[in-house]
Amino acid sequence: MSGFSLGSSHSRAFGYKNASLGLAVTHQVSLAEIRLTATMKASLLVLALFVGSSLALVCQEIDGRLTQIDVSNGQVFGVNSGNSIYTRYGNSWVQLPGALKHVTVGPAGVWGVNTENLIYKLVGGRWVQAQGLLKQIDAGGDQFVAGVNMQDNIFCLNRDATVTTLGGAASIPWNLLPGALKYYSCGPYSCWGVNSIDQIFVMKGVTPDACMGSKAWELVPGALSMIEVSTDGSVYGVNSAGNVYRRDGVSVDNPAGTDWLDLSMSVKSKHVSYDLGVLWVISKEDNILACR
């Protein structure tokens, strides 16, 4: 993360299973707590982000640069253009050891994939490699994970296997879903995805022990390049033009919702994630915004 002075006020032990993350099996790492310099203080931005004509969100520009972010249950994780991994600690970023191109946090824990599409899970403060290959992974389901591989094949892992997986060479019972998606995200009662031509699909009937759900995709009107489902079931996405949308009317009784609401942000975005009333936004320039 460029433009920061780094201070080493936190130090924790992280052990790693596989050298693919560029780390020894057991490695004591000093976590660099990222502090704002006087010239990089976060500024409050009141963006032109209106819901209909009645709601404007106040967005705070957060220090740092990220290419992808994921939030859940008060935790914030992200990666930057150099594949460095960060988590939010109070009002500062703390760098974790290792390198990932995509990281996710949720009821299923903290998982990620690296540039070789190897899968990692954070277990007891250590990244351990899990069997399989995915280009994108999501831990937002009710203690189950899901993701897509390089061929856009869709996989999910039921709760028991997700919780008990400790890495290593042990076989993992990944479930292959029908269809093809480039991005897939799950919440408490449904999963959403987008395909290579930005069509949007929802999978209903998802449970911790039946992560494949009904196995029948429902096409949802609209076009998005990425989509995220929050821990509370809220659905947000970004289209190819960088516009941010929220799906309204989503509920247990109606997982597909009713309408897309254009949030009309004054910045062009590429990634979003929502948790506890805060919409985290990554702009096309890798700026980080926290909108309430």
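If you're wondering where the values come from, they're calculated on a predicted model, not measured in any experiment. (Residues numbered from 1 in each chain as written. Predicted model: local features only at pLDDT ≥ 70, side-chain atom pairs only at ≥ 80, totals over all residues. Heavy atoms only, no water.)

A. Spatial organisation of the nonpolar core. The biggest cluster of nonpolar side chains holds 30 residues, and the ones touching the most others in it are Trp192, Ile227, Trp260 and Leu279. Residues Leu181, Phe201, Cys211 and Met212 belong to the second largest nonpolar core, which totals 15 residues. (Core = buried A, V, L, I, M, F, W, Y, C linked by side-chain atoms within 4.5 Å. Buried < 20%, exposed > 50% of the residue type's maximum accessible area, 1.4 Å probe, protein only.)

B. Quick look at the environment of Gly277. Turning to its location among the elements, Gly277 is positioned in the loop between β25 (269-275) and β26 (278-283). Taking the C-alpha atoms as reference points, Gly277 and Arg292, separated by 15 residues in sequence, lie 6.3 Å from one another. Beyond its immediate stretch of four places on either side in the chain, Gly277 contacts Cys291 and Arg292. (Helix = DSSP H or I, 4+ residues; strand = E, 2+ residues; numbered from the N terminus. Contact = heavy atoms within 4.5 Å.)

C. Representation of the sheet that holds strand β11 (residues 118-123) within the structure. Taken together, four strands build an open sheet; the order of strands is β9-β10-β11-β12 and the sheet is antiparallel. Of all strands in the sheet, those with a lone pairing partner are β9 (102-106) and β12 (126-133), marking the two edges. Across the sheet, the mean angle from the axis of one strand to that of its neighbour is 25°, orientation sign disregarded. Note that strand β10 (residues 109-113) and β11 share three bridges and pair antiparallel. (Pairing = 2+ DSSP bridges. Axes fitted to C-alpha atoms, helices over the stretch in contact; angles between N-to-C directions.)

D. Layout of the sheet that holds strand β18 (residues 191-194). With antiparallel pairing, the four strands of this open sheet are ordered in space as β17-β18-β19-β20. Pairing within the sheet leaves two strands with one partner each, and these edge strands are β17 (183-186) and β20 (217-220). Geometrically, the sheet is characterised by an average inter-axis angle of 25° between neighbouring strands, direction not taken into account.

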